[in-house]
Amino acid sequence: MSRRTAIPAGAVAVVLAVLAAILEHGRTGSVSESAEAFAAAVIALGVIGLAASLRGITLRGAVLGGLFTLAGILTWTSTQHPIVIWAVLFVEVVVFAVWGRPWLRTLRELPGLGGAWLGLSYWVFGVLGALFVLRAGHLTVAAQRLAYLGVFTLAVLAVVATTRRDRDGDPDRDPAGDRHRDLSVGMAAAILVGIGALLYFGAGSLFDELHAIPDSASARMMRNRFWGGPGLFYHPNSLAGLVVIAAVRVGLDRAFAAWQRVGVAVVAALVLSISDSRTGFVFATAAAFAFAAVVLLRHWTGRKSPGGRTGHAADSQHSEQRRSETTIGGQDGQGGDLDRWGRPALVAVAMPFLVLVAVFTIGGGSDFLLRDRFTDGGNDVTSGRTDTWRQVWVDWKHAGWAEKTFGDARTSRAVVHRVDDGAPKEGPRRDLNTDNAAVGAFRRGGVLGAIGFLVGVALLLWHALRGLWQAVVLRRPGVRHPATWFTVAAAAAVPTIMTEDWVIGGTNGAIWLVLLAGEVRSKRTAEPSAIVPVQTPSSAPTEPARSAAPAASADAAPSAESGHDTSRA
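Residues numbered from 1 in each chain as written. Predicted model: local features only at pLDDT ≥ 70, side-chain atom pairs only at ≥ 80, totals over all residues. Heavy atoms only, no water.

### A few points about the overall build of the protein
Stated precisely, the cut-off is as follows: Starting at the N terminus, helices and strands are each numbered in turn, a helix being any DSSP run of H or I of at least four residues and a strand any DSSP run of E of at least two. Whether two residues are in contact is decided by their heavy atoms: any pair within 4.5 Å suffices. To measure how exposed things are, a 1.4 Å probe is used in the Shrake-Rupley method; for residues, cover is taken only from the protein chains shown.
Along the protein, the regular secondary structure elements total 21 helices and four strands. Sequence separation of at least 24 residues holds for 80% of the intrachain contacts in the protein that already meet a minimum separation of 6. Looking at the protein as shown, the accessible area adds up to about 23000 Å², and 66% of this sits on carbon and sulfur atoms.

### What about the nonpolar core?
The following threshold applies: The term nonpolar core refers to a set of buried residues drawn from Ala, Val, Leu, Ile, Met, Phe, Trp, Tyr and Cys, joined through side-chain atoms within 4.5 Å. The classification of residues rests on relative accessible area computed with a 1.4 Å probe and restricted to protein chains. Under 20% of the type maximum is buried, over 50% is exposed, and intermediate values are partly exposed.
Of all hydrophobic cores here, the largest spans 131 residues; its most connected members are L64, F96, V159, I195 and F453. The contacts of F96, once residues within four sequence positions are left out, are L64, L67, F68, V151, L154, A155 and A158.

### Let's talk about the packing of helix 9 (residues 184-201) against helix 11 (residues 236-251)
Definition in use: All axes here are fitted lines through C-alpha atoms, helices being fitted over the stretch that makes contact, and every angle between N-to-C directions spans 0 to 180 degrees. In this scheme, roughly parallel covers angles under 35 degrees and roughly antiparallel covers those over 145, while 65 to 115 is roughly perpendicular and the rest are oblique. Left-handed is the label given to a crossing in which the near helix is rotated counterclockwise from the far helix by less than a right angle, and right-handed is the label when the rotation is clockwise. Note on residue categories: nonpolar means Ala, Val, Leu, Ile, Met, Phe, Trp, Tyr, Cys or Pro, charged means Asp, Glu, Lys or Arg, and polar means any other residue, Gly included.
Here helix 9 crosses helix 11 at 140°, and the two axes come no closer than 9 Å. When the axes of helix 9 and helix 11 are compared, the pair comes out oblique. Our pair here, helix 9 against helix 11, has a crossing hand that is left-handed. Here helix 9 contributes S184, V185, A188, I191, L192, I195 and L198 to the contact with helix 11, which in turn contributes L239, L242, V243, I245, A246, R249 and V250. When its residues are assigned to classes, the contact of helix 9 with helix 11 shows twelve nonpolar, one polar and one charged.

### Observations concerning the packing of aromatic side chains
What characterises a pair of aromatic rings is the spacing of the ring centres plus the angle enclosed by the ring planes. Using the following cut-off: Note on aromatic pairs: the rings of Phe, Tyr and Trp (six-membered ring only in Trp) are paired at centre separations within 6.5 Å, and the planes decide the class, stacked below 30 degrees, edge-to-face beyond 60, tilted for the rest.
Per the counting criterion, the structure on display carries 17 aromatic pairs. Measuring from centroid to centroid gives 6.1 Å for W485 and F486, while their planes differ by 70°, and the two rings are edge-to-face. Taking relative accessible area as the criterion, W485 reaches 4% and is therefore assigned buried. Overall, F486 belongs to the buried group, its relative accessible area being 1%. An aromatic cluster is present here, built from F68, W86, F96, Y122, W123, Y148, F152 and W512 joined pairwise through their rings.

### Some remarks on the pattern of salt bridges
What counts, and what does not: We define a salt bridge as a side-chain nitrogen of Lys or Arg found within 4 Å of a carboxyl oxygen belonging to Asp or Glu.
On inspection of all chains with the given rule, the structure shows 14 salt bridges. Across the pair R410 and D408 runs a salt bridge whose closest N-O atoms are separated by 2.8 Å. With a relative accessible area of 8%, D408 lands in the buried category. Through salt bridges that share partners, D182, R249, D253 and R521 make up one connected network.

### Focus on helix 4 (residues 82-99)
Heads up, the condition is: Multiplying 1.5 Å by the helix residue count minus one yields the expected span of that helix.
The terminal C-alpha atoms of helix 4 lie 26 Å apart, and with 18 residues this matches the ideal 26 Å at 1.5 Å per residue to within 8%. For helix 4, the complete set of buried residues consists of I85, V88, L89, E92, V95, F96, A97 and W99. Taken together, the buried residues of helix 4 touch helix 3 (59-77), helix 5 (103-107) and helix 7 (138-163).

### Considering unusual backbone geometry
The step from R101 to P102 runs through a cis peptide bond, and the omega angle for that step is -5°. For P102, the location among the structural elements is in the loop between helix 4 and helix 5. At D276, a position not held by glycine, the phi torsion is positive, near 55°. We note that D435 has phi near 50°; this positive angle belongs to a residue other than glycine. Note on placement: D435 falls in the loop between helix 18 (401-406) and helix 19 (437-473).

### Some remarks on the confidence of the model for the protein
Worth spelling out the cut-off: Residue-level confidence of the predictor, termed pLDDT, takes values from 0 up to 100.
With 78% of its residues at a pLDDT of 70 or more, the protein has an overall mean of 82. Mean pLDDT across the elements of the protein bottoms out in helix 14 (residues 313-324) (37) and peaks in helix 9 (97). Contacts from residues 166-180, a stretch scored under 50 in pLDDT, to residues over four places away or in other chains number 30 contacts. Taken together, the stretch residues 527-569 has pLDDT below 50 and engages in 212 contacts with residues farther than four places along the chain or on a different chain.

### Things to note about the side chain of R225
Rules: Charged residues are defined narrowly, with Lys and Arg counted positive, Asp and Glu counted negative, and His plus the chain ends left uncounted. Pairs of N or O atoms are called polar contacts if they sit within 3.5 Å, as long as, within protein, a hydrogen donor faces a hydrogen acceptor (for residues adjacent in sequence, only side-chain-to-side-chain pairs).
You can see R225 is positioned in the loop between helix 10 (217-220) and strand 1 (228-229). Although buried, R225 forms no salt bridge, and the nearest oppositely charged side chain, D276, lies 5.4 Å from it. Reaching out from R225, the side chain makes a polar contact with the side chain of N237 at a distance of 2.7 Å. A distance of 3.4 Å separates a polar side-chain atom of R225 from the backbone oxygen of D276.

### Digging into the environment of T106
Looking at the element boundaries, T106 is found in helix 5. As a C-alpha pair, T106 and V156 span 50 residues in sequence and 9.2 Å in three-dimensional space. With sequence-adjacent residues up to four places away left out, T106 is seen in contact with G100, R101, L157, V160, A161 and R164.

### Some thoughts on the environment of D208
Mapped onto the elements of the fold, D208 is located in the loop between helix 9 and helix 10. The sequence separation of D208 and R225 amounts to 17 residues, and the corresponding C-alpha distance is 10.0 Å. Discounting residues that sit within four places of it in the chain, D208 has contacts with E33 and E36.

Below you can see the structure in the form of structure tokens.
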């Protein structure tokens, strides 16, 4: 950000922070509460400023990520006004349809993507199930599911078409153009903007013991968790998931400045603490261990390679060139953290664990991680999820052949209804999500949906881990790896399958979208191995490194899908 834009932006931030303090004083009449709201607003605006400062943001990435993030937030903000959510989905259709061209050519690439299988297959089978079930309203359910399928298919097409290599494109010859097709930086920036907006709207209660909540029965039982504030609410679990995926994308990439990487780590520690999210903490823990494993394995394979080198001279030259260009957005952090073993690498590995320690101690993680949220003195740390999964199985056993094969067809999102949902016995029953990606795919797509889910997970992990597999197991020299952040994010998302629907997309599918963008880019061009030892005169390449044009672009985007379940922890 230049000085010309920094001064006006700072002035606007001061005005907004003061406005938050004035509004809080008008609500409470307390000077101390106003001071807290001012401090909270400063933090929120700082998060937005951090997002805006990231180099490598592209317009399409920001819009894609922003639309999904916005739609997810609206599923909790506008629960009584679904027309608002559908309006956002309509905008997505228009934008994604334009960016996804040529549709037929791009459509042929989808079967090879794990993200496409995870986010689309159960909708395909669900549409067929609704058509085959001869029940009142089944055509309406089929039409609604077809609309959802259309939105998310176009989203995948937009990501693939934007990231696809031009017919004559070559990232080695045109590194600047290659960087501009990395959508994940813009998506991460849009997610951080969404988080900052939630923190700003909830500034009045950010530091309070009880927070502002949406008009929801489940929210009333979890007022100790941060949801946002009047005008903008989001489920704490989803909020925690977003901050972790943004922290992985930014924090593990050496192309970003040190203050940006530390800043996103601090934001992650704050949001994980105020959200009281067990799933978010598990996601962050898995990411920390996955990152440590990637660094250690690459270092080990580098030492085992002939001559102590991880690749051929061309790969070393390529990595050195990328490092000298101070590249942005998806260059696998090739600037020091992983390139040479030593203190920089150890600090990079330690940072995620420091975040976890801060959340567990200062953030109160030792209290919320094992607490039963809905029953005093209870021991159900799944917050009713196991009862929901049991009901899914009971419903499946009593269903006909069509719903067994293609999924439950009673509602468009295949919500679950059970008697012991916390609502009055006389009803009405609450619409519950499955809060388990595997169970969710099974519920919405039946047996075929479960098979599609397994195919998607296998493809996603293969594209994320194939570099390590070839280097560690097959001992192949000169292996090119996917970006480190994508490898870590895909591996860390696996444990969340047990308690969230994040990896199967939907209107709350921002995390799925970022994983998809990483996967598409990893198939297009893998990054060279990140551990490149200092070159000696005998191993230094003789060909001079090529110069590269500096990257410039701006891109951000929102996303959408969630559901109004009452048993999310």
